[in-house]
Amino acid sequence: GIITAFVGCEWLTRGGEDNVDVSYLKGTWNSLSLKKRIVGNVNPDSVVHHKLSQSIRTRFLRFVPLEWSPSGRVGLRVAVYGCAYRSYVADFDGRSSLLYRFNQKSMSTVKDVISLRFKSRQAEGVLLHGEGQRGDYITLELHRGRLALHLNLDDSRVRSSSARMVVTLGSLLDDLHWHSVLIERFNKQVNFTLDRHTQHFRTKGDGDSLEVDYELSFGGIPLPGKPGTFIRRNFHGCMENLYYNGVNVIDLAKRRKPQIYSGNVTFSCSEPQLVAATFQSSSSSFLSLPAPAQILEGFSVRLQFRTWNPDGLLLSSPLISGQEPRYLILQISSGRLHLTHQTSAIWHFRLTGQRVNDGLWHSVSLNARGLQIIMTLDSEPASTIQLKSYLEPKDKHYFGGCTISQNDSSCLNPTMAFQGCVRLILVNNQPVDLLSVQQGHLGSYNQLQFDLCGIRDRCLYNFCEHGSRCSQTWSSFSCDCTGTGYSGATCHNSLYEASCEHYRLAGSTSGYFSIDLDGSGPLDPIQVYCNITGNKVWTVVRHNSSNAVRVRGSTLQKPYVGWFNYSASFEQLKALVSLSEHCEQRIAYHCRRSRLFNPWDGTPLSWWVDRRGEKRTYWGGIQPGVQQCSCGLEENCADMNYFCNCDADRVSWENDTGILSYKEHLPVREIVIGDTYRLGSEAMYVVGPLQCSGDKFLWNAVSFYQAASYLQFPALQVELSLHVSFYFKTASPSGVFVENMGIEDFIRVELSSPSTVTFSFNVGDGPVVLTLKSPVPLNDRQWHWVQAERNVKEACLQVDQLPLRIIETPPDRHLRLQLGSQLFVGGTATKQRGFLGCIRERAKVTPGVSSGCAGHCSSSAGLCHNRGKCIEKSSGYMCDCTNSAYGGPSCTEEVSMSFERGASVTYIFQEPFSVIQNRSAAVLSVPSQYSKTRDNVALSFQTTQSPAMLLTVNTLSQQYVAIILARNGSLQIWYQLHKEKRPDVFIPILSSLADGRLHRVQIQREGKDVFVQVLYFNTYMKHAKQSLTCMLFFFQTGSDVLDDEVAHAGSKGFIGCFSSVQYNHVAPLKAALLNRGSSLVSIRGHLLESNCGALADLSTSVSRLGKFLEINPDSAVIGGVVTAAVFSTLCVLAVMTRFLYQHRQAQRTARLQEKEHQRSLEAAYRAEFHLHNSMRDSMQEYYI
């Protein structure tokens, strides 16, 4: 219970609890419904009782008043009462100890239970120590404010650093608060508990018992020179209820029992009069103290401090001087202590080497004696500054910072204010009473808390994941993810894809990749080889024995054992196999008089071991449970009396080779061979790498077709870190994707409007809402990606490639997300605001939900080709060919036009080139290595004319790109980037293309690299003369800037047929057909729609055959091959004739569907190509 009563002249009107071990008590207070202010007494006659419905067991309970009376003195008395408690206390002064002597020479135990409570005044000190002559030892000590347990059960006296077992718990344990310790050991298994936080571990070495000789010491090591002991400082503080295997050690010492030796130990816990002050703000905290009477020729300042911040002012003392102000400044800079003295604009300073922003108490003293200032930090050697005159401080000293409203030069702070704790301040050897400062009797202050040190170790229970390094300041922490393979505020997000399938979809080719099988789970990423061939992807994990291994001289009693060490752990391999749709491993056993099975009783003579360590006697090509080889199944063994070739026991080499494909047994861990001991007996084996294909969860989609339907899962266990990602598509304007509720806490991700996704959650401090609005509707029946994350540092939301939305978590708030009910996907527990559409994630089918997703656009096969966009329909799909040079239902039908003499098509760009126009002229001087300009040109043509102009791109700055046929019919590509230089000419093929056949030209340029493909001729050229950086595209009329040969080709024009012309995202021939009259397209001369592109495949085949005959005219062998090819072609044409006739109806239906959609596409084309006449001066011209 809690009682409040009168103790002073004014009255507490409201009180409450704050910072009460939030990591543990948050859930308890929530369940008690007591997370509110506690009302206190309001008059001198009443006592207010608050009886709790449930008991609370906590490390400490702190009451902080929230409001006081605005005038007069205040008072508060709080009593907390509970159960009866027996306390046995011992006080250690840093030089004392307790010795518990055994009845026999040594004590050997296989089970130990040690428990105690302690509070310490120092960050260093031994609490418990014992050791044996054979090398066993146990030590419990405080080291740098952390509790460390050293334990060794090994018989060896050689103690290498790698064999030592050290486990640490806690931090800042020199806080003068009671801490509980429990050590439980049974054989090698140990449970080490500090304040309800338990570390489970297993000791190293071969021994199971702890053998300690003569005695156990508590509070210190009485003989520092004792062999094998740890040289540590003795404990300075109090211990309570110290039990060793049921023995109350303090009670025995208090009753002066003979087995206990107590040296300078008292049995009551002294309370040190240490009053600390906490400087709360890094901008406005300060403590101003008057300077006491000056000592002879100088002054001195001494204090203790602790902080996490790398910068802060400790002391600023103005000095008496002439006209120029002088200061003595003690500050923390970059984690080290700086002492600075300013005289006549000259600064003298001394720097300590020890870092002091480690959260520990540090003691610093300054002594000015004569013409010297001496600074001492802890036990470091003193630092000295030589002076030219004596120091005379003014009437004030400033600690931690300066006053906010500073109208004079009485204080100087070159850095930020100190944020941390200070105690034991002495000025001129006179202690400062901080309680008098708090009461207003001494000095002044701002943003200080008295009689407590509010330091916290934010890296204590490390929130940085995957082995990342935690660093902190006073109010926050940060995680260094370097080298972990993860990113994010807490290193939670994996940098790698989950499988090779993801890399294939991202456009990667075969190679070595790192994959993270469980995303942000506990498994580390592994490196695999992704063999990407077409739509088939193999994930390959290799081992250490890929070459053939010969075996001789093995028996069943002493068999040969070959181990396979993979480039991944077996936990990772198990996850890979589970994730994959199919896995296999090739195993080959070559034998000469080496059998696999005993022919008399079928006993296995050789076998392999699966990943679980179980023996397997079936071989490649056979399923589990059948003791055979693949030849036995196929009935083609060397000797039909046996089921394996090797069992024939022949002198010649035989082999049993096959594929192991039962996933639950893969990969192979070992191979055991036991029949190579006879004369002439020999075996050789080869085990291939583990190969897996398919990702079972990549395209795992479900459809929600009822508003009340949902998927239900167990509650998320995501107290500190939550990560949700999925794909969705819908036509509905709103709906809940994910929801998980607790008593008060919750998380929810939903489509709140057609273009808005909302991520909301409550961790106990009230709802937090992140909203991300898309510039385009998200209910367009297309796949969209959502990722929501919440951790102790921040919450973030991302949709598709839109900018990330982030909200940082305020400091000192609730951290743990406590969710009790089940997780709902696609709906809520109330069956309201359900989602209608498809979600791609790992899910099970329930009523109202069907597996898969209506439509076909989710398929990775690619139903729309040549830049066509797949659009889901309510029944089926359609291809939007707006950005494709092709047409038809699947964007595969070529668009062709015949050009007569004098005919041409000119296309004028608006987007995105008008954006580039606004760049400054300085961009043109960017070095070539920074170029990111890209061009993609593709066209098919058929002509007998040479020279001829195929395509030009002109700019305002007299730059151009031209593709022509020269006088001899060869293809030439011209780049003119500077009018004062000659153009660069690429001639990928010297033979004439003006041969009346259809040719396909594809040109890709990235920076200064150009790739040209003409039919089956590939040429790669490096542009070394001139960078193609920042080629700006604008409208330019006329041809006076072109080279003579280019201009000559332009004057001849083009006579023939063009098909499927594409320049980047524009298809000009298609635009000319669908947008006659548009301001973007101008047509000159007579053009006719053609079908020359439909003959592309046939022309290609004839071209291949023609080239083949031309290169090999005298080969009789080749002539026979050609004859056979022609005969095969005629057979194929006969079969295809019937197929085309049967397929004709399907084509007509597809054409009708295309015509029905043509009107909507034409509207889209007109919207895309619309231009205002005023924009014409800033456009690019595309000429055909």
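Residues numbered from 1 in each chain as written. Predicted model: local features only at pLDDT ≥ 70, side-chain atom pairs only at ≥ 80, totals over all residues. Heavy atoms only, no water.

Draft legend 1. Summary view of the pairing of strand β46 (residues 670–673). Where burial is concerned, the two faces of β46 agree: the one with Glu-670 and Val-672 and the one with Ile-671 and Ile-673 are both buried. Summarising the sheet, strand β41 (residues 560–563) and β46 pair through 4 bridges and their orientation is antiparallel. When the sheet's bridge partners are listed, Trp-563 is paired in β46 with Glu-670. As paired elements, strand β43 (residues 606–609) and β46 share 4 bridges and run antiparallel to each other. (Buried < 20%, exposed > 50% of the residue type's maximum accessible area, 1.4 Å probe, protein only. Helix = DSSP H or I, 4+ residues; strand = E, 2+ residues; numbered from the N terminus. Pairing = 2+ DSSP bridges.)

Draft legend 2. Quick look at the state of the cysteines. Applying the stated rule across the entire model yields 12 disulfides. There is a disulfide in this structure between Cys-591 and Cys-646, and the S-S distance comes to 1.9 Å. With the S-S dihedral at roughly -95°, the linkage between Cys-591 and Cys-646 falls on the left-handed side. Within this pair, whereas Cys-591 is found in strand β42 (residues 582–592), its partner Cys-646 is found in the loop between α6 (630–634) and β45 (654–660), the two being separated by 55 residues in sequence. Looking at Cys-646, the relative accessible area reads 1%, which means it is buried. (Disulfide = S-S within 2.5 Å.)

Draft legend 3. Region of interest: the confidence of the model for the protein chain. Averaged over every residue, the pLDDT of the protein chain is 76; the share at 70 or more is 75%. When pLDDT is averaged over each element of the protein chain, strand β11 (residues 179–186) comes out on top at 94 and helix α7 (residues 913–917) at the bottom at 30. Per-residue pLDDT stays below 50 along residues 1–36; that stretch engages in 110 contacts with residues further than four places along the chain or on separate chains. Note on residues 1096–1184: pLDDT is under 50 here. Beyond four places in sequence and across chains, it has 106 contacts. (pLDDT = per-residue confidence, 0-100. Contact = heavy atoms within 4.5 Å.)

Draft legend 4. Structural view of a nonpolar patch on the surface. Judged by side-chain polarity, Val-985, Ile-987 and Leu-990 come together as a nonpolar surface patch covering roughly 280 Å² of accessible area. Locating Ile-987 in the fold gives a position in strand β72 (residues 984–989). (Patch = residues over 30% accessible without salt bridge, like charges linked within 9 Å, V, L, I, M, F, W, Y side chains within 5 Å. Areas by Shrake-Rupley, 256 points an atom, 1.4 Å probe, with all protein chains shown as cover. Salt bridge = Lys/Arg side-chain N within 4 Å of Asp/Glu carboxyl O.)

Draft legend 5. Fine view of the nonpolar core. Grouped together as the largest cluster of nonpolar side chains are 45 residues, with contacts concentrated most on Tyr-589, Leu-596, Trp-619, Tyr-685 and Leu-690. If sequence neighbours within four positions are ignored, Leu-596 has contacts with Tyr-589, Thr-603, Pro-604, Leu-605, Ser-606, Trp-619, Cys-629, Cys-644, Cys-646, Asp-647 and Asp-656. (Core = buried A, V, L, I, M, F, W, Y, C linked by side-chain atoms within 4.5 Å.)

Draft legend 6. Inspection of the pattern of salt bridges at higher detail. This model, assessed by the stated rule, comprises 24 salt bridges. A salt bridge links Glu-501 to Arg-504; the shortest N-O distance between them is 3.4 Å. Here Arg-504 and Glu-501 lie together in helix α4 (residues 500–505), a separation of 3 residues that amounts to about one turn. By relative accessible area, which is 12% here, Glu-501 ends up buried. A relative accessible area of 13% places Arg-504 in the buried class. Where Glu-664 meets Arg-611, a salt bridge forms, and the shortest distance between an N and an O atom there is 3.9 Å. Here Glu-664 is found in the loop between β45 and β46, whereas its partner Arg-611 is found in the loop between β43 and β44 (615–616), with 53 residues between them in sequence.

Draft legend 7. Layout of the sheet that holds β41. Taken together, 4 strands build an open sheet; the order of strands is β41-β46-β43-β44 and the sheet is antiparallel. Pairing within the sheet leaves two strands with one partner each, and these edge strands are β41 and β44.

Draft legend 8. How the structure looks around the sheet that holds strand β53 (residues 746–753). Pairing in this open sheet of 6 strands is antiparallel, and the strands run β50-β59-β52-β53-β54-β55 from one edge to the other. Two strands in the sheet have a free side with no partner beyond their single neighbour: β50 (711–713) and β55 (767–773). This sheet shows a mean twist of 15° between the axes of neighbouring strands, independent of strand direction. (Axes fitted to C-alpha atoms, helices over the stretch in contact; angles between N-to-C directions.)

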